[in-house]
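Now for the letters of each chain:
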Amino acid sequence: AAGVIQSPRHLIKEKRETATLKCYPIPRHDTVYWYQQGPGQDPQFLISFYEKMQSDKGSIPDRFSAQQFSDYHSELNMSSLELGDSALYFCASSLSGTSGGSYEQYFGPGTRLTVT
Amino acid sequence: AQSVSQHNHHVILSEAASLELGCNYSYGGTVNLFWYVQYPGQHLQLLLKYFSGDPLVKGIKGFEAEFIKSKFSFNLRKPSVQWSDTAEYFCAFRTDSWGKLQFGAGTQVVVTP
């Protein structure tokens, strides 16, 4: 079965550079979530999109922005990178619950960002 | 504030031992509950979930969990662990059917041969 695809899998950037992370959800999934997992920490919710609109926002720095495109893939743009941004960034996708159901989130393999 | 707490940060046990990981959440309304497993260097995989109905849910790899509403708990159990169960286990919940997940701090489980 198709899974969530994230690219790149590994990314090394220097401080103050920019980075773009991409997420391709499972086909027919209309909701995408971004999470950040720092070393030894639990995943923290950053932002989510439903039908190309931002649906919720968590602890996402102002230096970060994201969007969901017409093909439902999503991109997380990170600018002015700081050492503390080094983390594993997960994307998850799901069907929405707008029809009344409850659906689980399927996680991608993550992008490991290292800021030097 | 909504939160989820996991009782143990590190658990070490021998193969064939029984495992129980505690998870409590703080929220007064309806919740969806999850246990995810993260093997070293890998992504989060869903072990099991509770949305409604039978509070005892069975998941993959022989895991099960019981939702006790009165205790706001969703403890994970496995009767007999294997070395391959060495991983980090995260409890998570959400307060609506398709919202963000809130994760606990995780429990690192090490199973020794």
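Data block above holds the structure.
Since the structure is predicted, the reported quantities are computational estimates derived from the model, not experimental observations. Counting of residues starts from 1 at the beginning of each chain's written sequence and follows it residue by residue. Numbering of ligands from 1 and lettering of chains from A proceed in the order in which they are written. Owing to the predicted nature of the model, reporting of local features is limited to residues with pLDDT of at least 70; listing and counting of side-chain atom pairs is limited to 80 or more, with chain, interface and lining totals taken over all residues. Side-chain metrics rest on all non-hydrogen atoms present in the structure, leaving aside hydrogens and water.

K.L.:
I would appreciate a short explanation of the interface of chain A and chain B in the present structure.
P.N.:
Interface size is commonly expressed as the accessible area that is lost once the parts come together. Throughout, a residue-residue contact means that at least one pair of heavy atoms, one from each residue, lies within 4.5 Å. With 24 residues of chain A at the contact, the number on the chain B side is 20 residues. A simple way to read buried area is as the amount of 1.4 Å-probe accessible surface that goes missing from two parts once joined, with both sides added. The junction of chain A with chain B conceals about 1,700 Å² of combined surface from both sides, 57% of it contributed by carbon and sulfur atoms. The largest share of the area that chain A buries against chain B comes from Ser 102, Glu 104 and Phe 107 of chain A, three residues that together contribute 29% of it. A pair is scored as a salt bridge if a Lys or Arg side-chain nitrogen falls within 4 Å of a carboxyl oxygen belonging to Asp or Glu. Here chain A and chain B share 2 salt bridges between them. When the shortest N-O distance is used, the salt bridge between Glu 104 of chain A and Lys 49 of chain B registers 2.8 Å. Going along the chain from the N terminus, every DSSP run of H or I of four or more residues is numbered as a helix, and every run of E of two or more is numbered as a strand. Contributions of two or more residues to the side of chain A that touches chain B are made by β4 (31-37), β5 (44-50) and β9 (87-94) of chain A.

K.L.:
Which parts of the structure should I look at to understand the pattern of salt bridges?
P.N.:
Where charged atoms of side chains with opposite charge meet at close range, the side chains can pair. According to the stated counting rule, one finds 10 salt bridges over all chains in the structure shown. The salt bridge partner of Asp 56 of chain A is Lys 100 of chain B, with a shortest N-O separation of 3.2 Å. A residue pair is termed interchain when its members come from two chains, as with Asp 56 of chain A in strand β6 (residues 53-57) and Lys 100 of chain B in the loop between β10 (87-94) and β11 (102-103). Each residue's exposure class comes from its accessible area (1.4 Å probe, protein chains only) as a fraction of the maximum for that residue type: buried when under 20%, exposed when over 50%, partly exposed otherwise. We classify Lys 100 of chain B as partly exposed; its relative accessible area is 28%. Of the charged contacts, one joins Arg 63 of chain A and Glu 82 of chain A as a salt bridge, the two residues approaching to 3.4 Å between their closest N and O atoms. Of this pair, Arg 63 of chain A sits in the loop between β6 and β7 (64-68) while Glu 82 of chain A is found in the loop between β8 (74-78) and β9, placing the two residues 19 residues apart along the sequence. Residues joined by salt bridges that share partners form a network here, namely Lys 58, Glu 64, Glu 66 and Arg 77 of chain B.

K.L.:
Would you mind showing me how to read the pairing of β7 of chain A here?
P.N.:
The two faces of the sheet receive side chains in turn, since in a regular strand these alternate between them. Residue and element names in this part refer to chain A. Because side chains alternate across β7, one face comprises the buried residues Phe 64, Ala 66 and Gln 68, and the other comprises Ser 65 and Gln 67, none of which is buried. Here 5 bridges tie β7 to β8, and the two strands are oriented antiparallel to one another. Paired with Gln 68 across the two strands is Ser 74, which belongs to β8. A loop of 5 residues connects β7 with β8, the two strands running antiparallel in sequence, and Tyr 72 in this loop sits at a positive phi of about 75 degrees. By this definition, two strands are paired if DSSP reports at least two bridges between them.

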